[in-house]
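Chain by chain, the residues:
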Amino acid sequence: MEYLLHIIILIGIYIILSSSLNLIAGYTGLISIAHASFYAIGAYVVALMALKFNTPLILNVPSAILFAAIIGFIIGTPSLRIHGDYFVIVTFAFQILTFTVLKNWISLTRGALGLPGIPQPKLLGFEISSLTSFLALTAALCALTLLILYRITHSPYGRILEAIREDEVFSQSIGKNVSRYKISVFVLGAGLASIGGSLYAYYISFIDPSSFTVMESIFIISIVIIGGAGRFAGPILGAIVLVMLPELLRFLGLPASIAANVRQILYGALLVAFMIWRPQGFIGKYTFNN
Amino acid sequence: MTQIIVNSLIAASIYTLVGIGFSLIYNTGRFFHFAHAATFTLGAYFIYTFNLLLHIPLILSAIFSILGCGILGMIMDKTIFSTLRNRGASALIMLLASLGLYVVLQNSISVIYGDHIKSIRVGEITEGIPILGARITEIQSITVMTSILILMVIRLILKKTNIGISLRAVANNPILAQISGIDSNKVILFSFFAGSAFAGLAGILVSMDIDMTPSMGMAPFMMAVVAVIIGGISSISGIALGAIFLAFVQNLGILFVSSQWQDAIAFGMLIIFLIIRPQGFLGRRI
Amino acid sequence: MFLEIKKICRYFNGITALEDFSTSISSGEIVGLIGPNGAGKTTLFNVITGFLKPDSGTISFNNIDLIKTPPFKIYRLGITRTFQEIRLIRGLKVVDNILLSFRGHPGDSLLSSFAAFKAVSKREHDHILIAKSLLEKAELVEKTNVLAEDLSYGQQKLLSILCCLASDAELLLLDEPIAGIAPEFVNTILAIIRELAAQNKAIIIIEHNMDIILNMCNRVIFMDSGRKICEGPPDIIRNDPKVIEAYIG
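These figures come from a predicted structure and were not determined experimentally.

## Quick notes on the packing of helix α1 (residues 2–29) of chain B against helix α8 (residues 184–210) of chain B
All names here are of chain B.
And then number 1: One way to put it is that α1 packs onto α8 with a least axis distance of 8 Å and a crossing angle of 165°. The angle between the axes of α1 and α8 places the two elements in the roughly antiparallel class. Regarding α1 and α8, the two cross each other, and that crossing is left-handed.
And then number 2: Residues of the contact of α1 with α8, tallied by class, amount to 17 nonpolar, six polar and no charged.

## A look at the interface of chain C and chain A
And then number 1: The interface is formed by 23 residues belonging to chain C together with 19 residues belonging to chain A.
And then number 2: Only α2 (71–77), α3 (94–101), α4 (110–115) and α5 (117–137) of chain C provide two or more residues apiece to the side of chain C that touches chain A.
And then number 3: Residue classes in the side of chain C that touches chain A are distributed as 10 nonpolar, six polar and seven charged.

## Comments concerning the interface of chain B and chain A
And then number 1: Opposite the 32 residues of chain B that make contact, chain A presents 39 residues.
And then number 2: Breaking the side of chain B that touches chain A down by element, the ones donating at least two residues are α3 (58–86), α4 (91–113), α9 (218–231) and α11 (262–276) of chain B.
And then number 3: Counting residues per element, the side of chain B that touches chain A draws most heavily on α4(B), at 15 residues.
And then number 4: Partitioning the side of chain B that touches chain A into residue classes produces 24 nonpolar, seven polar and one charged.

## Concerning the pairing of strand β2 (residues 15–26) of chain C
One face of the sheet, then the other: side chains in a regular strand alternate in exactly this way.
And then number 1: Where strand β1 (residues 2–12) of chain C and β2(C) come together, eight bridges link them in antiparallel fashion. Within β2(C), the position partnered with E4(C) by the bridge is S24(C).

## Some thoughts on α9(B)
Owing to its 3.6 residues per turn, the α-helix aligns residues three or four sequence positions apart on the same side.
And then number 1: The end-to-end C-alpha separation of α9(B) is 20 Å, in line with the 20 Å expected for 14 residues at 1.5 Å each.
And then number 2: For α9(B), the buried fraction is high: 13 of the 14 residues fall into the buried class.

## Some points on the environment of N22(A)
All names here are of chain A.
And then number 1: On the secondary structure map, N22 appears in helix α1 (residues 2–27).
And then number 2: Overall, N22 belongs to the buried group, with 32 C-beta atoms counted inside 10 Å.
And then number 3: C-alpha separation for the pair N22 and L123, spaced 101 residues apart in sequence, amounts to 29 Å.

So, how was this worked out
- Residues numbered from 1 in each chain as written.
- Chains lettered and ligands numbered in written order.
- Predicted model: local features only at pLDDT ≥ 70, side-chain atom pairs only at ≥ 80, totals over all residues.
- Axes fitted to C-alpha atoms, helices over the stretch in contact; angles between N-to-C directions.
- Helix = DSSP H or I, 4+ residues; strand = E, 2+ residues; numbered from the N terminus.
- Parallel < 35°, antiparallel > 145°, perpendicular 65-115°, else oblique.
- Left-handed = near helix turned anticlockwise from the far one by under 90°.
- Nonpolar A, V, L, I, M, F, W, Y, C, P; charged D, E, K, R; others polar.
- Contact = placed C-beta atoms within 7 Å.
- Pairing = 2+ DSSP bridges.
- Expected span 1.5 Å × (residues − 1).
- Buried ≥ 20, exposed ≤ 12 C-beta atoms within 10 Å, placed from the backbone.

Following this line, the structure appears as structure tokens:
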């Protein structure tokens with residue numbers, strides 16, 4: 001039972017991460033492999049605030065969102081002037097940069113040693129320590145994120161995002177300030193991704209740079225693509241499948257030392273296979289063909 | 001100061017080797033080949049296998065490893081990328097497939113060899129040969145000379161040989177090349193072979209200098225891509241120039257900020273060049 | 001409404017696309033733009049809509065300098081166009097294409113989709129009604145929720161004109177709106193164009209069919225090699241020796 005709850009919490013975190021990336025990559029067509037950076041920013045901001053100032057969740061999570069959004073703005077403003085595949089390269093470079101900073105800025109992040117002992121959060125007087133209470137917190141934040149994303153993607157604003165994905169130049173010729181939309185959507189996606197990071201930091205109570213690598217970024221974009229980019233339910237389905245699938249490997253009795261690698265091989269191979277046979281994923285709308 | 005120049009040259013040599021391979025594949029296959037980073041790593045693990053596990057002499061192991069990487073590149077093209085090309089897949093789809101392939105390869109290395117550091121350095125760590133007040137180890141000087149040699153050879157191949165001329169034709173104008181009877185699939189296959197072999201070679205050289213881990217390919221790959229973009233993706237001499245420029249700025253930067261910000265310097269240069277001069281120093285407009 | 005073009009020049013690698021081109025157009029006019037392929041007609045549209053910046057010359061629209069204005073702002077000022085090789089958001093529904101074309105939707109901004117939710121949904125509702133009535137007028141109602149790419153060629157051309165109508169622009173630039181489409185759509189489109197002129201909109205139309213140009217336009221401009229060769233009412237242009245030479249001789 002505990003094991004099942006743990007898996008559900010993980011799925012919730014990945015739904016937040018991949019759905020927020022879906023807004024950037026699936027709806028707007030900006031393929032980013034820097035999403036683990038914003039995931040990391042969320043986790044580190046919450047962890048550092050909780051450890052150093054003992055501030056409550058209600059302050060930490062919004063601070064993380066704000067900080068991730070600001071970094072998203074600083075990075076997005078120059079990067080989003082760069083188009084297509086070159087934008088992917090820029091996000092890749094940013095992801096590597098984030099990882100080096102986390103690993104080498106030892107006075108702040110303690111580098112590879114990580115930040116242990118992140119205190120358990122309190123919300124409205126309740127101490128969130130049991131698995132069930134964490135599940136409730138995850139469900140609440142996940143629902144909030146999805147609600148925001150649903151509202152956006154089903155609004156006139158969301159329609160413009162899809163227009164930009166389909167034809168950027170034409171979108172300009174019908175009066176849309178394309179670069180502003182791109183930046184706003186990148187900032188928003190970055191902010192929402194940090195919620196996933198906050199949850200992760202509180203839940204595991206220990207973070208280190210190894211959770212926020214390029215591999216993690218590729219994993220998040222794989223969830224979006226395999227689930228179905230540009231469709232609201234796509235990343236939700238993707239997160240459920242891709243988080244659960246490797247758990248089946250446990251029953252094969254793989255040694256723990258290689259389980260993580262086998263899991264990654266599995267989704268890497270899935271990504272290749274989907275690109276060859278079904279680039280729109282299970283239920284996607286965007287086929288990466290323009 | 002001489003040490004900065006020497007260190008820059010060593011780094012630039014690696015960036016150039018990886019960068020030439022990357023741009024060969026990009027200019028003919030027309031996509032960003034991320035799995036190139038894993039090919040680099042495989043070069044190191046191949047020579048580890050041949051030399052330390054199978055006890056084949058070092059030089060022979062190196063040749064086997066380089067060929068192994070080249071053949072692996074051809075297999076990648078034959079199994080995945082030519083299939084995608086024939087379906088008219090976009091560059092973005094190929095890029096994502098290459099990204100997936102990178103994940104598969106790097107983690108396969110982890111599964112087979114483990115995540116801890118492996119070494120094929122022979123003998124104890126030497127201080128290096130002093131040159132004009134700087135120090136350079138034997139393998140480092142081999143690295144620099146190899147990359148200069150490869151640079152000259154590849155230029156010669158592109159200018160004088162049939163395959164080189166076909167390669168340039170496909171890179172410049174694929175449609176025209178096809179009309180004049182050039183089999184572009186063959187040319188792309190050759191680019192994968194040569195490009196991957198160069199990456200493998202670079203991997204071998206780095207592993208003999210500073211050991212190996214399964215994720216060792218990522219950073220040099222990233223730097224090579226930045227060098228390629230700075231220099232101009234379509235120009236071989238541009239790549240070398242871009243590599244030297246990047247390596248020099250990075251090494252000079254260490255004088256002022258601590259070395260963890262080297263990546264930040266590269267990232268900044270990447271953005272600046274993509275916005276201000278996307279064609280690089282010597283390349284055509286992209 | 002007043003568009004004034006003065007001495008526009010535009011070269012591509014030494015080839016002249018537009019040279020010393022001047023003209024002006026006011027509300028209620030239908031101006032025909034004719035000339036051989038490569039005469040610079042479409043280039044002129046690209047320059048007016050801001051997608052190409054001229055090498056020299058000035059363009060002003062209601063006394064606003066268009067040269068310094070980015071394309072999306074030019075659209076917001078009230079200039080819209082169609083493309084010769086039809087452009088639509090092909091992966092979105094017909095109705096979405098029309099809804100995207102309205103100017104000044106409060107829901108276009110991220111903040112107001114949250115802060116002013118009521119106002120946004122009210123406006124959205126109004127726009128949907130207008131879109132429905134436009135689709136009815138064009139007899140495309142049953143295609144409302146079809147993807148734009150699944151329409152026939154003629155229906156796509158019609159849709160791109162409906163999008164211009166939704167924008168409520170003051171100046172419409174139509175690039176071969178009836179070329180290559182079935183006769184049933186031609187009449188619908190011509191009727192729409194006439195109605196627009198009656199509503200005091202200004203229209204510039206590129207068309208190769210001389211009968212239609214001479215019938216519909218108040219004024220015709222004949223271009224060749226980027227230059228304006230002659231300009232005047234249809235009756236005069238019809239008898240201009242240079243035009244006769246280009247079209248008959």
